There are 2 protein chains.
Amino acid sequence: MLACVRATGLKLTPQRMAIVRELAADPTHPTAQELFERLRPALPTMSFATVYNTLDALASAGLCAALSLAPGPSRFDPNMKPHHHAVCDRCGEVRDIPSDAHRAAAVARALPAAPGFEVRSVEQIYRGVCAACAAAGAQERRPGRASARARTS
Amino acid sequence: MLACVRATGLKLTPQRMAIVRELAADPTHPTAQELFERLRPALPTMSFATVYNTLDALASAGLCAALSLAPGPSRFDPNMKPHHHAVCDRCGEVRDIPSDAHRAAAVARALPAAPGFEVRSVEQIYRGVCAACAAAGAQERRPGRASARARTS
DNA sequence: AGCTTTAATTAGAAAGTTTCTCAGTTGCAA
DNA sequence: TTGCAACTGAGAAACTTTCTAATTAAAGCT
């Protein structure tokens, strides 16, 4: 993945290398804040804005994806192969779900309900409760910004 | 819908009636800010927090859905029937897409890739460019928080 | 290696979004 | 009608993201 960064014209700085390495190794879709805190010991002078800038640059270059699937901060996904996501309404955890290859072929088909809308990708969102939250019981809620309203559609 | 508000134990205040009426009549998935500004002429003393509180209460009661499908503020959806969404990567517009009834039956099926995850709903997200943005040309971007990184997966 | 160009980094401020506090008000069940 | 619990309004606070300006550093070329 590091080689890809160069290939897109982005400069290979130590901060970027660290961010890319950390993100590529992490399947849990970390937030910018989480990455920042994990990297702070190694790069104590790195600015928080650099994490945002870098993730934004990576996403713009098509090297990672920014996910906004639930309230709260964006999460970043190093997996650029087509796939779906399972989102926990309690803790906000996002998990990859491999997509059936045959269904991915439906991408770019016109939407009868939205004439003129040019579809570039289709993803499926499975909303529910992850195993950990289910085990923790019904009274638990994730700290901070999540609440019952995290449920959508 | 107003009757439903009472039915869930929520009190029927003038503010709530106005918010519910405005939201129910609007298929464009308005943000809290948009609703607040539209209602301000009629309810000039209403607080912005009241709009958030009310929408949160409605969503918790299952009378509307809070959508977080793209960067930027949450959008609210009065349509509680199962359906999908088309999201414009440029302007952030969200449009309803009716769901095939037979596919909705797949809800609650276990996910082999995420054992223990209890699926409560499945929705499909079509990402792309809406007709208006496509007509406006490739150089246009939506104001504020959107950018190329709005693309996900 | 040194120079140049250009992009990236830092730190902090600012903007935007959402939640919280608390005093005062009001819907509504009894 | 009365009392209680829930709601509202106003502002502050917390959180997320973007921006600014000055400095620093990477990449390509000699």
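How each quantity is defined
Residues numbered from 1 in each chain as written. Chains lettered and ligands numbered in written order. Predicted model: local features only at pLDDT ≥ 70, side-chain atom pairs only at ≥ 80, totals over all residues. Heavy atoms only, no water. Near = heavy atom within 4 Å. Polar contact = N/O pair within 3.5 Å; in protein donor to acceptor, adjacent residues only side chain to side chain. Helix = DSSP H or I, 4+ residues; strand = E, 2+ residues; numbered from the N terminus. Nonpolar A, V, L, I, M, F, W, Y, C, P; charged D, E, K, R; others polar. Salt bridge = Lys/Arg side-chain N within 4 Å of Asp/Glu carboxyl O. Buried < 20%, exposed > 50% of the residue type's maximum accessible area, 1.4 Å probe, protein only. Pairing = 2+ DSSP bridges. Axes fitted to C-alpha atoms, helices over the stretch in contact; angles between N-to-C directions. Parallel < 35°, antiparallel > 145°, perpendicular 65-115°, else oblique. Left-handed = near helix turned anticlockwise from the far one by under 90°. Contact = heavy atoms within 4.5 Å. Least-squares fit on C-alpha atoms with pLDDT ≥ 70 in both. Buried area = accessible area lost by both parts, 1.4 Å probe. Arc of directions from axis to C-beta. pLDDT = per-residue confidence, 0-100.

Bringing the protein's contact with DNA strand D into the picture now. Surveying the vicinity of DNA strand D reveals 23 residues, the closest of which are Tyr52 of chain A together with Thr13, Gln15, Arg16 and Thr50 of chain B. Restricting attention to atoms of DNA strand D within 4 Å of the protein, one finds that 82% of them are sugar or phosphate atoms. Between Thr13 of chain B and DNA strand D, the recorded distance is 2.6 Å, taken from a side-chain N or O atom to a phosphate oxygen. Thr45 of chain B places a polar main-chain atom, nitrogen or oxygen, 3.1 Å from a phosphate oxygen of DNA strand D. Listing elements by their share of the surface near DNA strand D, those giving two or more residues are helix 4 (48–60) of chain A together with helix 2 (14–24) and helix 4 (48–60) of chain B. Here the residues of the surface near DNA strand D are counted per class, giving 9 nonpolar, 7 polar and 7 charged.

On to the pattern of salt bridges, then. Once their charged atoms are close, side chains differing in charge can pair, the charge on each being opposite to the other. In the structure shown here, the tally under the stated rule is 8 salt bridges over all chains. Between Arg120 of chain A and Glu118 of chain A there is a salt bridge, with its nearest N and O atoms 3.6 Å apart. On the accessibility criterion, Glu118 of chain A (39% relative accessible area) is partly exposed. Between Arg38 of chain B and Asp26 of chain B there is a salt bridge, with its nearest N and O atoms 2.7 Å apart.

Taken in spatial order, the 6 strands of this open sheet run 4(A)-3(A)-5(A)-5(B)-3(B)-4(B), and their pairing is mixed. A strand with exactly one partner marks an edge of an open sheet, and here the two such strands are strand 4 (94–98) of chain A together with strand 4 (94–98) of chain B. Direction aside, the axes of adjacent strands within the sheet are offset by 30 degrees on average. In the sheet, strand 3 (residues 83–88) of chain A pairs with strand 5 (residues 118–129) of chain A via 4 bridges, with the strands oriented parallel. Residue pairing in the sheet places Ala86 of chain A in a bridge with Tyr126 of chain A of strand 5 of chain A.

All names here are of chain A. Contact geometry of helix 2 (residues 14–24) with helix 4 gives a least axis separation of 10 Å together with a crossing angle of 70 degrees. By the angle between their axes, helix 2 is roughly perpendicular relative to helix 4. Our pair here, helix 2 against helix 4, has a crossing hand that is right-handed. In contact with Gln15, Arg16, Ile19, Val20 and Leu23 of helix 2, helix 4 contributes Thr50, Val51, Thr54, Leu55, Ala57 and Leu58. Partitioned by chemical class, the residues of the contact of helix 2 with helix 4 number 7 nonpolar, 3 polar and 1 charged.

Our next topic: the relation of the copies chain B and chain A. Mapping chain B onto chain A calls for a rotation angle of 179 degrees and an axial translation of 0.0 Å; the resulting RMSD is 0.1 Å. Between the two chains, the operation in question is that of a two-fold axis. For chain B, the residue whose C-alpha comes nearest the rotation axis is Gln124 of chain B, separated from it by 2.2 Å. Here 100% of the interface residues in chain B have copies in chain A that are interface residues too; the copies meet face to matching face.

Here the focus is the interface of chain B and chain A. At the interface, 47 residues of chain B touch 47 residues of chain A. Both faces considered, chain B and chain A share a buried interface measuring about 4400 Å² in area, 55% of it formed by carbon and sulfur atoms. Where Glu123 of chain B meets Arg127 of chain A, a salt bridge forms, and the shortest distance between an N and an O atom there is 2.8 Å. On the surface where chain B and chain A come into contact, there are 10 residue pairs in polar contact (both at pLDDT 80 or more). Residue assignment for the side of chain B that touches chain A shows that the elements contributing at least two residues are helix 4, strand 1 (65–67), strand 3 (83–88), strand 4 and strand 5 (118–129) of chain B. With 12 residues, the top contributor of residues to the side of chain B that touches chain A is strand 5 of chain B. Among the residues making up the side of chain B that touches chain A, the classes are represented as 25 nonpolar, 12 polar and 10 charged. As judged from the 11 bridges shared by strand 5 of chain A and strand 5 of chain B, these two strands associate in the antiparallel manner. Paired with Gln124 of chain A across the two strands is Gln124 of chain B, which belongs to strand 5 of chain B.

Turning our attention to helix 3 (residues 32–39) of chain A. Because each turn of an α-helix spans 3.6 residues, side chains separated by three or four positions in sequence point in the same direction. For helix 3 of chain A, the set of buried residues is Ala32, Leu35, Phe36 and Leu39 of chain A. Looking straight down helix 3 of chain A, one finds that the buried residues subtend no more than 100 degrees of arc, so they occupy a single side.

All names here are of chain A. Burial of strand 3 is extensive: 6 of the 6 residues sit out of reach of the surface. Summarising the sheet, strand 3 and strand 4 pair through 5 bridges and their orientation is antiparallel. Across the sheet, residue Val87 finds its bridge partner in strand 4, namely Val94. Taking the residues between adjacent antiparallel strands as the criterion, strand 3 and strand 4 are bridged by 5 residues, where Gly92 takes a positive phi near 85 degrees.

To continue, consider the confidence of the model for chain A. Residue and element names in this part refer to chain A. Overall, the predicted model of chain A reaches an average pLDDT of 84, with 82% of residues at or above 70. Across chain A, the element-wise mean pLDDT spans from 53 in helix 5 (residues 101–104) up to 98 in strand 2 (residues 75–77). Segment residues 138–153: pLDDT under 50, and 36 contacts once partners within four positions in sequence are set aside and those in other chains are kept.

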